[in-house]
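Per-entry structural report
So you can see what is in the structure, the chains are spelled out below.
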Amino acid sequence: MVLGPTHHHPLSSLFLSPPPNSKSAAITTVPLDLPRTRAGQSQFRCSAGQTGFFSKLGRLIKEKAKSDVDKLFSGFSKTRDNLAVVDELLLYWNLSETDRVLDELEEALLVADFGPKITIKIVECLREDIYAGKLKSGSEIKDALKRSVLELLTTKGTKTELQLGFRKPAVIMIVGVNGGGKTTSLGKLAHRLKKEGAKILMAAGDTFRAAASDQLEIWAERTGCEIVVAEKEKAKASSVISQAVKRGKQCGFDVVLCDTSGRLHTNYGLMEELIACKNAVSKVVAGAPNEILLVLDGTTGLNMLPQAREFNEVVGITGLILTKLDGSARGGCVVSVVDELGIPVKFVGVGEGVEDLQPFDAEAFVSAVFS
């Protein structure tokens, strides 16, 4: 599948398709030579020494979350509908109804998958403040509820910006179970980064699933990014990813996005492979991978927690991508995961479109679920 002309490079023999009858080459790259912006230039120029590029890139993407509130708002519509009962409960609140109202509020939060520990903590704090005379109206109670949720998210879920380090290329590994939206999330993240002027290389490290490379090649074509894929079956994922990072380093890419094989958190053989991939990256670029992002299916709600714990114990997750939240009334799981694991949510998937992987912003989230 040829998507565009090939860059010539002294190391190109490592990455290009082998000649006929060759049995040696295992890795191929499928590059694209397309303009990076309408003006034909990237938004930022950066050399390996210009370390401010990555911090600026992470900050810009985070800032875009502020302007994308409408998408976040529509993405959490089912959760918001589920929590609409909160407004009804508090509209005619009076002190004599406190226990009944708080019991129903507790039920609403549990149904939205805020989790029992968080729910009880929030409700009991509200109860104390109400009986202490600190909260005297339904609107004050709702404001206190929103502050509690925001505090839970911001106390433990710091560093929601991408942390891309100080060396080129920055390396991001995407991990998760099959069906969670891992490869799609990688493609959408590539789109976002490229829009901000970064030169992106994809690594098709999901060598376990036959169609995964084809899927990622489609995303490479759609986003105008280059991609390194395994040419022969059963190639080691760590080898593909290692070669991609070497190419990224030699050819001046800003970010290498590495897909990995989907795996259940209970499949210890494949989990060991993740460690090998992580080690392979660090041998090429000191301090990499800069981010290991775990993709979790938001429709599974609190069932995602065991997955997240196992992945974190094995490779050390630096951030979360929560997908499919547009089809779920369980948006409270965002708070539960952050509170339980102390790992920040970096992006949320709120739709099917290429722009619908939204940078996570705690204030925007609270506004979206408690309208």
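None of these values were measured; they are calculated from a predicted model.

Within the secondary structure layout, Val255 lies in strand E5 (residues 255–260). Since its relative accessible area comes to 0%, Val255 is described here as buried.

Next up on the list: the confidence of the model for the protein. For the protein, mean pLDDT is 81; residues scoring 70 or higher make up 81% of the total. Ignoring residues within four places in sequence, the model shows residues 1–26, a span with pLDDT below 50, making 41 contacts including any to other chains. In the model, residues 31–50 has pLDDT below 50 throughout and makes 44 contacts with residues more than four positions away in sequence or in other chains.

The subject of this paragraph is the pairing of strand E2 (residues 170–176). In terms of residue burial, E2 counts as a mostly covered element, since 7 of its 7 residues are buried. Examined bridge by bridge, E2 and E5 share 5 bridges and lie parallel to one another. By the bridge assignment for E5, Ala170 is matched with Val255. Relative to strand E6 (residues 291–297), E2 runs parallel, the two being bridged by 5 bridges. By the bridge assignment for E6, Ile174 is matched with Leu293.

A word on unusual backbone geometry. Looking along the chain, the bond that leaves Lys168 and enters Pro169 is cis, with omega of -5 degrees. You can see Pro169 is positioned in the loop between helix H7 (138–156) and E2. Phi is positive for Asp113, which is not a glycine, with a value near 65 degrees. Counting through the fold element by element, Asp113 comes out in the loop between helix H5 (98–111) and helix H6 (116–131). Phi is positive for Lys324, which is not a glycine, with a value near 60 degrees. Inspection of the secondary structure puts Lys324 in the loop between strand E7 (319–323) and helix H13 (333–341).

Moving on: H5. Between the first and last C-alpha of H5 there are 20 Å, a value that for 14 residues agrees with the 20 Å anticipated at 1.5 Å per step. Every buried residue of H5 is listed here: Thr98, Val101, Leu102, Leu105, Ala108 and Leu109. Taken around the axis of H5, the buried residues stretch over an arc of 115 degrees, which confines them to a single face. In this structure, the buried side of H5 is in contact with helix H3 (77–82), helix H4 (84–91), H6 and H7.

Definitions and limits used
- Residues numbered from 1 in each chain as written.
- Predicted model: local features only at pLDDT ≥ 70, side-chain atom pairs only at ≥ 80, totals over all residues.
- Heavy atoms only, no water.
- Helix = DSSP H or I, 4+ residues; strand = E, 2+ residues; numbered from the N terminus.
- Buried < 20%, exposed > 50% of the residue type's maximum accessible area, 1.4 Å probe, protein only.
- pLDDT = per-residue confidence, 0-100.
- Contact = heavy atoms within 4.5 Å.
- Pairing = 2+ DSSP bridges.
- Expected span 1.5 Å × (residues − 1).
- Arc of directions from axis to C-beta.

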